[in-house]
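Examining the three-dimensional arrangement
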Amino acid sequence: MNEDKAAKYQRLKRRVSIASMVWSAVLLIGLVASSQHLRLRDLAVRITPWAPIVGAVVLLSILHEAVSLPLNFYGGFVLERRYGLSTETFGVWAADQLKGFAIGLVLGIGAASVVYGLMRVSPDRWWIAAGLVFAAVIVGMTNLAPVVLLPMFYSVKPLEREQLRARLVALAGRAGARVLGAYELGLGEKTRKANAALAGLGTTRRILVSDTMLADYSDDEIEVVLAHELGHHVHNDIWKGIALESALIVAGFYLANVVLRSVATVAGLRGVDDAAGLPVLLLAAGCVSVAMMPFAHALSRAFERRADLFALNLTHNPAAFISAMRRLGAQNLAEENPSHLVQWLFYSHPPLRERISAAQAFKP
């Protein structure tokens, strides 16, 4: 693997991520500091007098998308093509951006309507009820994503390689994970990256293997990658992640409630349920998410190490695991050995070298 190329690619991707996060914060802070959040509310009242929060979400989403577009274009299109990872045209990329924006807008309107509705009903305890509602929504979205959202962006069809299909379904059975079948995910239409996953919950759980992986990887390598994904389901890592995300949402809403009450008079708000407070709510909730990110990443890395060990114990094939990791690292331009600080701040998976060393030392 060309480590220098991978390291530079990942460093640039991190810079884009940081710049995007900072730019979003600057936008929200700027709106409040300049009192433009009040003009945003007044304009929303004129646009959607029956539900000002709907108009506020639409206006803020359009504004955020407009100012973020250059960074999204550079990080999502320019860098991917520069490093030979993208296979999509600008038109396809732009269409996906529009679809993503539309889906995000619909979800944002629904979420804000629920939150502000609860604020009106229970100004003091809205954040508890909102957190519970969002937890239920996360479960629903996780369940529906492979059958509703994923096909909007990628082609999905039954896996045609019968021997491999039977082998993967049997592997899931040995692991105790009920699946609805194995499917080919058309990543090759847009990227040269490869992946395999176990998507969905309960009645929608299915095996997904990208066409880019099917083209170049051996059946043993695909099996051990899937075994890793099965480890997450066997250890209930999905549910643990949902629980953590729900707790962070509740904490973010609580902080937003405190901040909104504290700055209501200074910021010209008419109450916690004033649509003009939407930028303040997003800032407060975002601060909790950013502050807890290192902890969430550390927990995720622990889950990944355990899933690696599960895959090795299930398949007894460390050689296939090592070759699959090396192939994935080279194909996806993964950094082999990033600094400890970079791992702590950005990495949800252990670095490639650590995963390979653990497999080399594995004893069943």
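Reading the values: rules and limits
Residues numbered from 1 in each chain as written. Predicted model: local features only at pLDDT ≥ 70, side-chain atom pairs only at ≥ 80, totals over all residues. Heavy atoms only, no water. Helix = DSSP H or I, 4+ residues; strand = E, 2+ residues; numbered from the N terminus. Buried < 20%, exposed > 50% of the residue type's maximum accessible area, 1.4 Å probe, protein only. Patch = residues over 30% accessible without salt bridge, like charges linked within 9 Å, V, L, I, M, F, W, Y side chains within 5 Å. Areas by Shrake-Rupley, 256 points an atom, 1.4 Å probe, with all protein chains shown as cover. Salt bridge = Lys/Arg side-chain N within 4 Å of Asp/Glu carboxyl O. Phe/Tyr/Trp six-rings, centres within 6.5 Å; stacked < 30°, edge-to-face > 60°. Pairing = 2+ DSSP bridges. Expected span 1.5 Å × (residues − 1). Contact = heavy atoms within 4.5 Å. pLDDT = per-residue confidence, 0-100. Core = buried A, V, L, I, M, F, W, Y, C linked by side-chain atoms within 4.5 Å. Lys, Arg positive; Asp, Glu negative; His and termini not counted. Charge placed at Lys NZ, Arg CZ, Asp CG, Glu CD. Axes fitted to C-alpha atoms, helices over the stretch in contact; angles between N-to-C directions. Parallel < 35°, antiparallel > 145°, perpendicular 65-115°, else oblique. Left-handed = near helix turned anticlockwise from the far one by under 90°. Nonpolar A, V, L, I, M, F, W, Y, C, P; charged D, E, K, R; others polar. Polar contact = N/O pair within 3.5 Å; in protein donor to acceptor, adjacent residues only side chain to side chain.

Residues other than glycine seldom take positive phi values, yet Asn236 does so here, at roughly 60 degrees. Note that Asn236 resides in the loop between helix H8 (219-234) and helix H9 (237-263). For Asn236, a relative accessible area of 41% gives the class partly exposed. Phi at His316 is positive, roughly 55 degrees, even though this residue is not glycine. Summarising the element assignment, His316 is placed in the loop between helix H10 (278-315) and helix H11 (318-332).

The next thing to look at is a nonpolar patch on the surface. On the surface, a cluster of nonpolar side chains totalling about 330 Å² of accessible area is made up of Ile18, Val22, Trp23 and Val26. Note that Val26 resides in helix H1 (residues 3-33).

A few words now on the packing of aromatic side chains. By the definition in use, this model includes 10 aromatic pairs. When the centroid spacing of 5.5 Å and the interplanar angle of 50 degrees are considered together, the rings of Trp126 and Phe253 count as tilted. Here Trp126, found in helix H5 (residues 126-149), pairs with Phe253, found in helix H9; they are 127 residues apart in sequence, far enough to count as distant. With respect to burial, Trp126 and Phe253 carry one shared label: buried. Feature note: the residues Phe73, Phe77, Phe90 and Trp93 constitute an aromatic cluster, connected by ring pairs.

Consecutive side chains of a regular strand alternate in pointing toward one face of the sheet and then the other. On strand E2 (residues 182-185), burial covers both faces: Ala182 and Glu184 on one face and Tyr183 and Leu185 on the other are all buried. Of the strand pairs in this sheet, E2 and strand E4 (residues 206-210) are connected by four bridges, and their pairing is parallel. If you follow Leu185 over to E4, its bridge partner there is Ser210.

Since the α-helix packs 3.6 residues into each turn, any two residues three or four apart lie on the same face. For helix H4 (residues 90-121), which comprises 32 residues, the first-to-last C-alpha distance of 46 Å matches the rise-based estimate of 46 Å (1.5 Å per residue) to within 8%. All buried positions along H4 are accounted for by Trp93, Asp96, Leu105, Ala112, Val115, Tyr116, Gly117 and Met119. The inward-facing, buried residues of H4 contact helix H3 (52-82), H5, H9 and H10.

Moving on, we get to the confidence of the model for the protein. On average, residues of the protein score 94 in pLDDT, and 99% of them reach the 70 mark or higher. When mean pLDDT is taken per element in the protein, E2 scores highest with 97 and H5 scores lowest with 92.

Formed by 38 residues in total, the largest nonpolar core has its most connected members in Ile53, Val115, Met119, Trp126, Phe253 and Leu281. Those elements giving two or more residues to this core turn out to be H1, helix H2 (36-47), H3, H4, H5, H9 and H10. Examining the composition of this core, we find that six residues originate from one element, H3, more than from any other. Not counting chain neighbours up to four residues away, the residues in contact with Met119 comprise Trp126, Leu260, Val272, Asp273 and Leu281.

The next thing to look at is a positive patch on the surface. On the surface, Lys8, Arg11, Arg15 and Arg82 cluster together to form a positively charged patch. No other element matches the three residues that H1 contributes to the positive patch. Tracing the chain through its elements places Lys8 in helix H1. Lys8 gets classed as partly exposed once you look at its relative accessible area, which sits at 43%.

Before going further, it helps to spend a moment on H8. Between its first and last C-alpha, H8 extends 22 Å over 16 residues, near the 22 Å set by a 1.5 Å rise per residue. Looking one or two places after H8, you find Asn236, whose phi comes out positive at around 60 degrees.

What follows is about the pairing of E4. Most of E4 sits inside the fold, with five of its five residues counted as buried. Burial along E4 is two-sided: Arg206, Leu208 and Ser210 facing one way and Ile207 and Val209 facing the other are all buried. Bridge analysis of strand E3 (residues 196-199) against E4 gives four bridges, and the strand direction is antiparallel. Bridge pairing in E4 links Ala197 to Leu208.

In this section: the packing of H5 against H9. At their nearest, the axes of H5 and H9 sit 9 Å apart, and the two run at 150 degrees to each other. Classified by the interaxial angle, the pair formed by H5 and H9 is roughly antiparallel. Considering the relative orientation of H5 and H9, their crossing is right-handed. Across the interface between the two elements, Trp126, Trp127, Ala130, Gly131, Phe134, Ala135, Ile138, Val139 and Thr142 from H5 touch Ile238, Trp239, Ile242, Glu245, Ser246, Ile249, Val250, Phe253, Tyr254, Ala256 and Asn257 from H9. Classifying every residue of the contact of H5 with H9 by side-chain character gives 15 nonpolar, four polar and one charged.

Position of Asn332 among the secondary structure elements: in helix H11. A distance of 3.1 Å separates a polar side-chain atom of Asn332 from the backbone nitrogen of Ala194. Apart from the residues lying within four places of it in its own chain, the contact partners of Asn332 are Tyr9, Gln10, Lys193 and Ala194.

All right, on to the pattern of salt bridges then. If you walk through the whole model with that rule in mind, you get 18 salt bridges. For Arg41, the salt bridge identified is with Asp274, shortest N-O distance 2.7 Å. Of this pair, Arg41 sits in helix H2 while Asp274 sits in the loop between H9 and H10, and the two are 233 residues apart along the sequence. For Arg41, a relative accessible area of 7% puts it in the buried group. Classification of Asp274 by relative accessible area gives buried; the value is 6%. Ionic pairing is found between Glu336 and Arg353, a salt bridge with its closest N-O pair at 3.2 Å. With a gap of 17 residues between them, Glu336 in the loop between H11 and helix H12 (340-346) and Arg353 in helix H13 (residues 352-360) connect regions that are remote in the sequence. Accessibility expressed as a relative area gives 23% for Glu336, which makes it partly exposed.

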